[in-house]
Amino acid sequence: MLHRFAVAFVFTLFIAAEAHANPPVEAFGELPLISRPHLSPDGKHFVAIQSLNGKPTVAIYTVGAPPGTLPNVVPTEDGYIEDVVWVKNNRLVLTLKKSQQQFLDNRMRTWVRAVSVAEDGSGAVVLLRNNVTFDSNTYAGVIADIDLDDPSYIYVPLFVARIQPQRMPFEDLQKYNEGKAEYDLLKVDTATGDGHQFERGGPYTILWLMDGHGHIAARLDESMRPLRDQIYVYENGDWRQASDFDANADEGAHVIGLTEDAKAIVRQVTDSNGRQVLIRTPLAAGGAETPLFSNPDYDVLGTMQDEWTHAVIGASFAADKMEYAYFDPKREALQKELERRFPNLTVHIVSADLTQDEIIVSTEGPRQPTAYYYLDRAADNLIQIASTYPSLKQSDLGEVKPYPYKARDGLDIHSYLTLPPGKSARNLPVVVMPHGGPDERDTIKFDWWVQFLANRGYAVLQPNFRGSSGYGRKFTEAGFKQWGLKMQDDISDGVQKLIADGIADPKRICIVGASYGGYAALAGATFTPNLYACAASFAGVSDLRGQLHNENLDTGKDSKTMSFWYSRIGSIFDDPDKLDNTSPARHADQIKCPVLLMHGEGDTTVRIDQSELMEKALKDAHKDVKFVRFPGEDHYLTTATTRIAMLKELEKFLAAHIGT
């Protein structure tokens, strides 16, 4: 068995670095050694996204190859790898993303394309290029079904215009999802990349549900004015509308996928206790909805899906760390066995062959970066494939523990405190690091950014302020339209507790964040100017009107996305004064501390004009500001070059203003 999977040890030796007593920035800022490993259907190969020269690339390994055999590497110069999956034993599909300007309106957008390759990395073909509206689709990489019975074909949806895009004026392009194009389902030859219509979508179709064998089960439509979600079931070659939902903001069908027996749809909804739960909605007419999964204390945060059929097979939630539960008793028993083998770690299955006899398992802890293991269930043999950060030792990393506190209005706030390794929790320089989203949450896990800061001597506070996800509907709603207000107060209250507990040196506290966390960093410096000695924002929002304007241009004023942001931030029409009063760029004169701004020029989530506006406002107010631009980088710190450069800039900035 060891010889059969000897290639696993090549993975670790391939680019593993020497452990350092004092790790360099690169030890934290390099991309994970591997991510998203997947076994082929027959278990004879596995593929992973692997870091090579600072960029994610695709590495394909043969199980049972002689020791020392290197993987086949797929060149991906044109774009960054987002995902890679097997569609049959000798064929994979890669999805690549790239930020570039759209040819019709010259606006920067993120483009995603799917590429099919053979198991040795050869024979690359771009999927759906034969379609006349291919170039008008920003996202052309969703796989609806791989068809286990006919693996030469897969099924991929695509917006297909009923008029050719080169003849489409801009005002019609803005109506692209309002009848000028329809989301068709195409049957795609994986060897040639050519796709042809399999089923025509309706004018508002946004999702196709298939059973893993090339059969359509249902589709989801979403219309505007008013926003409605409709589920249609496919019966005897025709469509039957099964349900109709108000889709404003947080409402709607919330379809996740099909059940394993393909007889029902799995939906995520809010129950009577205000918790996000999963329910089972039968496809057959007249069937009653029934509960599928819930946790009495926490929201469902995600689901596990069978990688071959896409059926929903389990759910995840977070207490302090992520927890995983499966619906099938055999899968759940295996999950419990894995938890016994890896106590106190987050563990779950990330891939399996078709027989479920060979699996790849992920483990993670706050002081143990994600590691992947291969398990041969028949032989009960468990072998480590690789650690994602092999040059980091446990002694390099800080201890992470819950740090609960009450906000000034009595609301319970869950947060996490990471202490620098080898330091006592007294009078420390502190980095306050609110998460992005803001409908996200932090958990106890390995975080390369947080651990870098801890390694450099800083305590790190990660507050799950009101509006964070996972704690129920009431907690989420408490954050509505509270950007810069009660959400910011929750962060400030955590800082005050650190000071009161003697953990933080009150003169050496810096607030740092990305995306919404970047907004919170700028808002903290602006609206509580005496609390922080410095502030750093990566891709942060600085002007709420401007951010809503960008979202409007990207998705349309009547979209569900805009409905969501109106509920979270406020409306340009209904709340203009509140938006202006909580926009840091409009009050830069109040800031007293130095500010570091960092932003990717290819960011299409929070566009770089948000940092440009903040820089100008700070300079006009004669404030201390530095702005670092990262050419080609998106919102998600995709390349090692950006991560390392960002950490180096941040390390210098912190050392200068709250240095240990």
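Heads up: the structure comes first, above all this text.
Residues numbered from 1 in each chain as written. Predicted model: local features only at pLDDT ≥ 70, side-chain atom pairs only at ≥ 80, totals over all residues. Heavy atoms only, no water.

Some remarks on the overall build of the protein
Counted only if it meets this: Starting at the N terminus, helices and strands are each numbered in turn, a helix being any DSSP run of H or I of at least four residues and a strand any DSSP run of E of at least two. Radius of gyration means the value over C-alpha atoms here, while the globule rule gives 2.2 Å times the residue count to the 0.38 power. Residue burial is assigned from relative accessible area. The probe radius is 1.4 Å, only protein chains are included, and a residue is buried under 20% of its type maximum, exposed over 50%, and partly exposed in between. Any two residues whose heavy atoms approach within 4.5 Å are treated as being in contact.
Looking only at helices and strands, the protein features 14 helices and 36 strands. Compactness check: the protein gives a C-alpha radius of gyration of 25 Å against a globular reference of 26 Å for 660 residues, within 12% of the reference. Seen along its three principal axes, the alpha-carbon backbone of the protein occupies a region of about 70 × 60 × 45 Å. Counting across all 660 residues of the protein, residues that qualify as buried make up 57%. Within the protein, counting contacts between residues at least 6 apart in sequence, those at least 24 apart form 59% of the total.

Points about the packing of aromatic side chains
To keep things clear, this is the line we draw: Classification of ring pairs rests on two measures: the distance between centres of Phe, Tyr or Trp rings, Trp counted by its six-membered ring, which must be within 6.5 Å, and the angle between planes, read as stacked under 30 degrees, edge-to-face over 60 and tilted in between.
Counted under the stated rule, the structure contains 18 aromatic pairs. With 4.9 Å between their ring centres and 65° between their planes, Y155 and F198 make a pair best called edge-to-face. Taken together, the positions of Y155 in strand β10 (residues 153-161) and F198 in strand β12 (residues 195-199) put the pair 43 residues apart, joining distant regions of the chain. The class for Y155 is buried, based on a relative accessible area of 2%. Classification of F198 by relative accessible area gives partly exposed; the value is 33%. Taking 5.2 Å as the distance between ring centres and 50° as the angle between the ring planes, the aromatic pair formed by Y389 and F446 counts as tilted.

Thoughts on the sheet that holds strand β22 (residues 312-318)
Quick reminder of the rule: A pair of strands counts as paired when DSSP detects no fewer than two bridges linking them. Simply put, an axis is a line fit to the C-alpha atoms, just over the touching stretch for a helix, and the angle between two N-to-C directions goes from 0 to 180 degrees.
Spatial ordering of the open sheet is given by β21-β22-β23, a layout of 3 strands whose pairing is antiparallel. Since the sheet does not close on itself, it has two edges, and those belong to β21 (300-305) and β23 (322-326), each with one partner. Sheet twist, expressed as the average angle between the axes of neighbouring strands with direction ignored, equals 30°. Inspection of the sheet shows β21 paired to β22 by 5 bridges, in the antiparallel sense. Bridge pairing in β22 places M304 opposite G314.

Notes on the pairing of strand β17 (residues 255-258)
Every regular strand shows the same layout, with side chains that alternate between the two sheet faces. Two strands pair when backbone bridges link them, and β17 and strand β18 (residues 264-270) are joined in this way by 3 bridges, in the antiparallel orientation. In the sheet register, L258 faces β18, and the bridge partner there is I265.

As for the state of the cysteines
In a disulfide, the sulfur atoms of two cysteines are held together by a covalent bond. Our working definition: Criterion for a disulfide: a pair of cysteine sulfur atoms within 2.5 Å.
The tally for this structure, following the rule as stated, stands at 1 disulfide. Put simply, C510 and C534 are joined by a disulfide, and their sulfur atoms are 2.3 Å apart. Torsion about the S-S bond of the C510 and C534 cystine: about -135°, corresponding to left-handed handedness. Here C534 lies in strand β34 (residues 534-538) and C510 lies in strand β33 (residues 504-514), a separation of 24 residues in the sequence. With respect to class, C510 is no different from C534; both count as buried. Looking at the unpaired C593, the closest cysteine sulfur is the one in C534, lying at 6.5 Å.

Quick notes on helix α9 (residues 516-527)
Stated formally: Multiplying one less than the number of residues by 1.5 Å gives the expected span of a helix.
In this model α9 runs 16 Å from its N-terminal to its C-terminal C-alpha over 12 residues, within 8% of the 16 Å that 1.5 Å per residue would give. Taking burial as the measure, the 12 residues of α9 include 11 buried ones, the bulk of the element. Taken together, the buried positions of α9 are occupied by Y516, G517, G518, Y519, A520, A521, L522, A523, G524, A525 and T526. Those residues of α9 that are buried are in contact with α8 (486-500), β33, β34, α10 (544-555), β35 (595-600) and α13 (609-620).

Examining the nonpolar core
The following threshold applies: In these notes, a set of buried Ala, Val, Leu, Ile, Met, Phe, Trp, Tyr and Cys residues joined through side-chain atoms within 4.5 Å is what counts as a nonpolar core.
Core analysis: the largest hydrophobic core is formed by 65 residues, its most contacted members being V432, W483, L498, Y532 and M614. For this core, the leading source of residues is α9, giving 7 residues. Ignoring sequence-local partners within four residues, the contact set of V432 consists of L461, I491, V495, I509, C510, I511, V512 and Y532. Counting 36 residues, the second largest nonpolar core, distinct from the first, contains L31, W449, F538 and I644.

Let's talk about helix α14 (residues 640-658)
Compared with the 27 Å implied by 1.5 Å per residue over 19 residues, the 26 Å span of α14 between its first and last C-alpha is a close match. Restricting attention to buried positions, one finds in α14 the residues A640, T642, R643, I644, M646, L647, E649, L650, F653, L654 and I658.

What to know about the pattern of salt bridges
Side chains that carry opposite charge are capable of pairing whenever their charged atoms lie near each other. We count it as follows: One side-chain nitrogen of Lys or Arg within 4 Å of one carboxyl oxygen of Asp or Glu is enough to make a salt bridge.
This structure, assessed with the given rule, holds 46 salt bridges. The partner of D250 in a salt bridge is R473, and the shortest N-O contact between them spans 3.2 Å. Taken together, the residues span a long stretch of sequence, with D250 in the loop between β16 (238-246) and β17 and R473 in helix α7 (residues 473-477) at a distance of 223 residues. Put simply, R456 and E651 hold a salt bridge, and the shortest N to O gap is 2.8 Å. Taken together, the residues span a long stretch of sequence, with R456 in the loop between α6 (448-455) and β32 (459-464) and E651 in helix α14 at a distance of 195 residues. We classify R456 as buried; its relative accessible area is 17%.

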